[in-house]
Amino acid sequence: MIVLTGGSTVFNRTWHACDKPLRNHGRRSQLQFTIDSKVGQYLVSHGLVNRTFSYITFKVHDQEILILQSRNYYKAPVSDEKLISSIMAWFSDHHHGAIVVKSPYSDIGNAVERLKKIRQVIAIYPNLISTLASPYGDGIAPLTSEYPFITQPSVFSRLSFIL
Amino acid sequence: MLNKRIDSMYEHHENVDSSASIILSQLASDKAVNWHEAIKKYAHLKHYVDESSQKLWFVIHSMAYISDLVDVIDWRTELYSCRDEERKFQLRTFLHAVLHPKGDISTYSPSWVTIYQTVYKEVEFLIEEAHTERFQYLDKIFSIAESAQFVLNDLSLSMTIPIEEARTNPYVDSYTGVPDPMDENIVMPHITTLPNKDGDMVTIDWHDQSYTTVDALGNEVVRNMKPDFEPEAHGTFIDYDHEWTDERGMTSVPITQMNEQEYHITDEAYRLLKRFDPLIFEINKVFDKHIHLLTTSKTYFITHHLSGQTLEETATCFTLRDPLVIQFQEYIKEIYHDYEPQDIAVLLMQLPFELKVNGNLSTIIDQFGDEILDSIVDGSGFRNVDEHSYEHEIELFHQKNLAELKKIADLKSPIHTSEFLVSAFEGINNGLSVANAMNGAYEAFRSISPSGSLAFKNALISGKSRQKAMAQFYITAHRTGEYTPRDKFLSATNSSILLLTAASGYQRTRKITWDTLKYKIKQGEVFVSSSAPSTSKSWLKNKLDELHFPSKLLPLLSEG
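Calculation criteria
- Residues numbered from 1 in each chain as written.
- Chains lettered and ligands numbered in written order.
- Predicted model: local features only at pLDDT ≥ 70, side-chain atom pairs only at ≥ 80, totals over all residues.
- Helix = DSSP H or I, 4+ residues; strand = E, 2+ residues; numbered from the N terminus.
- Buried ≥ 20, exposed ≤ 12 C-beta atoms within 10 Å, placed from the backbone.
- Contact = placed C-beta atoms within 7 Å.
- Nonpolar A, V, L, I, M, F, W, Y, C, P; charged D, E, K, R; others polar.
- Core = buried A, V, L, I, M, F, W, Y, C linked by C-beta atoms within 7 Å.
- Pairing = 2+ DSSP bridges.
- Axes fitted to C-alpha atoms, helices over the stretch in contact; angles between N-to-C directions.
- Expected span 1.5 Å × (residues − 1).
- Parallel < 35°, antiparallel > 145°, perpendicular 65-115°, else oblique.
- Left-handed = near helix turned anticlockwise from the far one by under 90°.
- pLDDT = per-residue confidence, 0-100.

A.B. asks: I'm lost on the overall build of chain A in this one. Help?
C.D. replies: Scanning chain A from N- to C-terminus turns up four helices and nine strands. Starting at the N terminus and walking to the C terminus, you meet the elements of chain A as β-β-β-β-β-α-β-β-α-β-α-α-β. Within the span of chain A, comprising 163 residues, buried residues form 25% of the whole. Across chain A, every contact between residues at least 6 apart in sequence was considered, and the portion connecting residues at least 24 apart equals 63%.

Structure representation (structure tokens):
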């Protein structure tokens, strides 16, 4: 599965906010052009331009594509919250399956820390409801730095980032 | 011993415990008497003719009745709150058995007032009887009157209307006590006069089934009322001269109400419009592209002409095949039930063609489309104001503009003079054509030199063209020293000089020789811009020195 991240901006019926487009010898690949037009068409026809779509899955030539939302507008900075919620939406809909997400951040030094935090947040989320919700009240999530033991190896193995 | 004997004597006598006094002592000693069982048990009392038996029999019946009423109050209270259907039916059966109403048990649900009205006479009779001398002692034992009064009070407390009202028959005049039949049935008069649809009075005789009306010629005619198609609907009045209904058989009032009350967009429509704004933009683009191709591309042109459709129809066919439109159509079908139909209709009406989602939406758009669009409220920041409302502001702006123009007016060029500018702007402001306004402006400009304008008029009278007459004006004005236009120095070479002419407002150039320049300088018809570079100025001075131009005349070149 090809996993791409990006915003929901569309220009001329074409998706115009991919974070790290697929490249072939340094140029935007043909597959990327196809993906751009398909995603653009989807966003326009569903009235989701500059809005929230969380994730989109579709197939191009029997190749599964997953688009995760990381921001809204063209050239908007990547929002950790949007990326987390998009990944969570995918995990909650697909109980079995792993994804490898290419880091949407351009700043490599900062990216590692942010990705680590994203992984931790996603890993503790399923535990919150079952084990930690009652002592801290509904919807109050403890900080990962405070509770480093609250991690789920299963989710860790299913989600990985590459730079 | 004696007693024992007597007892054994009466041992076989069946009626030994049946005399009234014995029964009375039994009943009085029993603290919770079941009066219904007592009726069955002591039924033989009714056959006894002695007064004490009769009195006791009456008391047993009265107490059974009162205990029934106590139960009625409980049952009625329970029936109000009961949710179990079986229990409800049971309660209704109990109530029915005590109150003996007419009608069906299954729906029987008496109000407190009805219960009161049914029982109060009997209970009051009991109270009266109990207070008489006849029941003096029995009342003390069983407290009949007290129990009956208790039941009556309980009932009247449960009622929602005053006792007096409940006790009064609604069909009896409460003041005189005479029954009033008019209250019971509303009697229609045989002859009524009512206005018809057009406001003319029509007299209807219900007795003869006829009506008096005015026909098309204005004559008064008597017609028979025709029964409606249903034979049971007697006396349905159909006046064919003045029909109440529209041709299709429906009155217009409900249609108007339907139009007014239904299909006004909700807030959601504005959100939808905002959300699908990019989509509508894209679809419009696609539609325009196809219209453009149909008028330019040959293949499109042939396809279009073979189809025998209008341009828009063909373009619509092409646009409907666009994957964007297909996806949108499918998505609208998905979300159709999440929104009000009129909100979706508003969205579809933004498209340049008809997009069919389902039959219901098409009908709504056909019938109520205009009204739905009317119900869209424009944003508070935008107003469609008549252009005349800006007249005052524009006039003020214009006056201010003219004042500013006068300040920067330049005498050197004719069309930059304040007379010319003001007159030209006023002419256009007064609705003149540009040519006429310019003529008026030149007329105003010529007032700068009276002798020049006289020469202009003489030239026109003598049959010269307007252009030559204008030349005559310049010559005369210059000769009398009243006005001289001054050209602007633009550039120079060794052979020729380029000037910006004053007549064109320094927009057009004119090429002259150095000799002509020398003459023009002497006449004061040329100037050098004060902002010109000093190197250029010194070059010009050197050049003129070479040509033996007297240096004392050089100040004539200054802008002034």
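A.B. asks: Would you mind showing me how to read the overall build of chain B here?
C.D. replies: Looking only at helices and strands, chain B has 25 helices and eight strands in total. Within chain B, the proportion of its 560 residues that are buried is 18%. Sequence separation of at least 24 residues holds for 49% of the intrachain contacts in chain B that already meet a minimum separation of 6.

A.B. asks: Whenever I open this one, the interface of chain B and chain A confuses me. Can you help?
C.D. replies: Many structure descriptions define interface size as the accessible area lost when the parts assemble. If you look at the interface, chain B gives 10 residues, while chain A gives 10 residues. Put simply, the parts of the chain that give the side of chain B that touches chain A at least two residues each are helix H13 (277-296) and helix H16 (323-335) of chain B. For the side of chain B that touches chain A, the element with the highest residue contribution is H16 of chain B, accounting for five residues. Residues belonging to the side of chain B that touches chain A are distributed by class as follows: seven nonpolar, one polar and two charged.

A.B. asks: What exactly am I supposed to notice about the nonpolar core here?
C.D. replies: Counting 41 residues, the largest nonpolar core has Leu43 of chain A together with Ala345 and Leu348 of chain B as the members making the most contacts within it. Looking at this core, the elements that each hand over two or more residues are helix H1 (30-45), strand E7 (63-69) and helix H2 (80-93) of chain A together with helix H12 (267-275), H13, H16, helix H17 (341-349) and helix H18 (359-374) of chain B. The biggest single contributor to this core is H17 of chain B, with five residues. Filtering out sequence-adjacent residues up to four positions away, Ala345 of chain B remains in contact with Leu361, Ile364, Ile365, Gly369 and Ile372 of chain B. With 28 residues, the next largest nonpolar core counts Leu56, Val72, Leu138 and Leu155 of chain B among its residues.

A.B. asks: Would you mind showing me how to read the sheet that holds strand E8 (residues 526-527) of chain B here?
C.D. replies: All names here are of chain B. Taking strand neighbours across the sheet as the criterion, the four strands line up as E7-E6-E5-E8 in an open arrangement whose pairing is mixed. Each edge of the open sheet carries a strand with a single partner, namely strand E7 (509-513) and E8. Of the pairings in the sheet, the one linking strand E6 (residues 496-500) to E7 comprises five bridges and is antiparallel in character. The residue bridging Leu498 from the neighbouring strand is Lys511, located in E7. Against the sheet, helix H24 (residues 514-523) engages E6, E7 and E8, with an angle of about 100 degrees to E7.

A.B. asks: Help me understand the sheet that holds strand E3 (residues 210-214) of chain B, please; the structure alone is not making it clear to me.
C.D. replies: What links the strands of a sheet is backbone hydrogen bonding, and the strands pair in either a parallel or an antiparallel sense. All names here are of chain B. Spatially, four strands are ordered E1-E2-E3-E4 in an open sheet, and the strand pairing comes out antiparallel. Each edge of the open sheet carries a strand with a single partner, namely strand E1 (191-195) and strand E4 (220-224). Averaged over all neighbouring strand pairs, the angle between strand axes comes to 25 degrees, with direction disregarded.

A.B. asks: Help me out: how do you make sense of unusual backbone geometry in this one?
C.D. replies: It is generally the case that most residues other than glycine have a negative phi and that most peptide bonds are trans. Residues and elements named next belong to chain A. Residue Asn50 is not a glycine yet carries a positive backbone phi of 60 degrees. By the element assignment, Asn50 lies in the loop between H1 and strand E6 (55-60). Unlike most non-glycine residues, Asp62 shows phi in positive territory, near 60 degrees.

A.B. asks: I'm lost on helix H4 (residues 51-81) of chain B in this one. Help?
C.D. replies: Because each turn of an α-helix spans 3.6 residues, side chains separated by three or four positions in sequence point in the same direction. Residues and elements named next belong to chain B. Here H4 contains 31 residues, and its C-alpha end-to-end distance of 46 Å stays within 8% of the 45 Å for a straight helix at 1.5 Å per residue. Those residues of H4 not exposed but buried are Ser53, Leu56, Trp57, Val59, Ile60, Ser62, Met63, Ile66, Leu69, Val72 and Arg76. In the core, the buried residues of H4 are packed alongside helix H2 (20-29), helix H3 (35-41), helix H5 (85-99), helix H6 (112-131), helix H7 (136-142) and helix H8 (144-158).

A.B. asks: I keep staring at the packing of H6 of chain B against H8 of chain B and nothing clicks. Help me out?
C.D. replies: Geometry of a packed helix pair, given as the angle between the helix axes and the separation of the axes. Residue and element names in this part refer to chain B. At a closest axis distance of 9 Å, the pairing of H6 and H8 adopts a crossing angle of 160 degrees. Taken together, the axes of H6 and H8 lie roughly antiparallel to each other. The way H6 lies across H8 gives a crossing that is left-handed. Contact residues: Trp112, Ile115, Tyr116, Tyr120, Val123, Leu126, Ile127, Ala130 and His131 in H6; Ile144, Ala145, Ala148, Gln149, Val151, Leu152, Leu155, Ser156 and Ser158 in H8. Here the residues of the contact of H6 with H8 are counted per class, giving 14 nonpolar, four polar and no charged.

A.B. asks: Help me understand the environment of Arg13 of chain A in this model?
C.D. replies: Looking at where Arg13 of chain A falls in the secondary structure, it is placed in the loop between strand E2 (10-11) and strand E3 (14-15). Among residues more than four places away in sequence, those in contact with Arg13 of chain A are Ser37, Gly40, Gln41 and Val44 of chain A together with Glu282 and Leu324 of chain B.

A.B. asks: Looking at this structure, how should I read the pairing of E6 of chain A?
C.D. replies: Along any regular strand, the residues point their side chains to alternate faces of the sheet. Residues and elements named next belong to chain A. As paired strands, E6 and E7 are joined by six bridges and run antiparallel to one another. Bridging across to E7, Val60 finds its partner in Gln63. Following E6, the chain reverses through two residues before pairing antiparallel with E7; His61 in that reversal takes a positive phi of roughly 50 degrees.

A.B. asks: Explain the packing of helix H22 (residues 450-461) of chain B against helix H23 (residues 466-479) of chain B here, please?
C.D. replies: Residue and element names in this part refer to chain B. For the pair H22 and H23, the least separation of the axes is 8 Å and the interaxial angle reads 150 degrees. Comparing their axes, H23 and H22 come out roughly antiparallel. The two elements H22 and H23 meet at a crossing, and its hand is right-handed. Mapping the contact onto sequence places Ser451, Gly452, Ser453, Ala455, Phe456, Ala459 and Leu460 in H22 and Lys468, Ala469, Met470, Gln472, Phe473, Thr476 and Ala477 in H23.

A.B. asks: Just to check I follow, could you spell out the environment of Phe142 of chain B for this structure?
C.D. replies: Residue and element names in this part refer to chain B. Following the sequence through the fold, Phe142 ends up in helix H7. Distance from Phe142 to Val59, taken between C-alpha atoms, is 8.4 Å for residues 83 residues apart in sequence. Excluding residues that lie within four positions of it along the chain, Phe142 makes contacts with Val59 and Met63.

A.B. asks: Is there a simple way to explain the environment of Val123 of chain B in this structure?
C.D. replies: All names here are of chain B. Its location among the elements puts Val123 in helix H6. Exposure remark for Val123: the 21 C-beta atoms within 10 Å place this residue in the buried category. Note: C-alpha distance between Val123 and Ala145 (22 residues apart in sequence) is 8.9 Å. If we skip the residues at most four places from it in the chain, Val123 touches Ala148, Val151 and Leu152.

A.B. asks: Teacher, can you tell me more about the confidence of the model for chain B here?
C.D. replies: Interpretation of the predicted coordinates at a detailed level should be avoided for regions scoring low in pLDDT. Residue and element names in this part refer to chain B. Mean pLDDT over chain B stands at 82; residues scoring 70 or higher make up 84%. A low-confidence stretch, residues 9-14 stays under pLDDT 50, and its non-local contacts, those more than four residues away or across chains, total one contact. Across residues 229-233, where pLDDT falls below 50, the model places one contact with residues more than four positions away in sequence or in other chains. For this predicted complex, the interface confidence score (ipTM) comes to 0.76, while the overall pTM stands at 0.41.

A.B. asks: When you look at H1 of chain A in this model, what are you seeing that I'm missing?
C.D. replies: Residue and element names in this part refer to chain A. For H1, built from 16 residues, the straight-helix expectation of 22 Å at 1.5 Å per residue is met to within 8% by its first-to-last C-alpha distance of 23 Å. Within the span of H1, buried status applies to Ile35, Asp36, Val39, Gly40, Gln41, Leu43, Val44 and Ser45. Gly47 lies just past H1 and shows a positive phi near 65 degrees.

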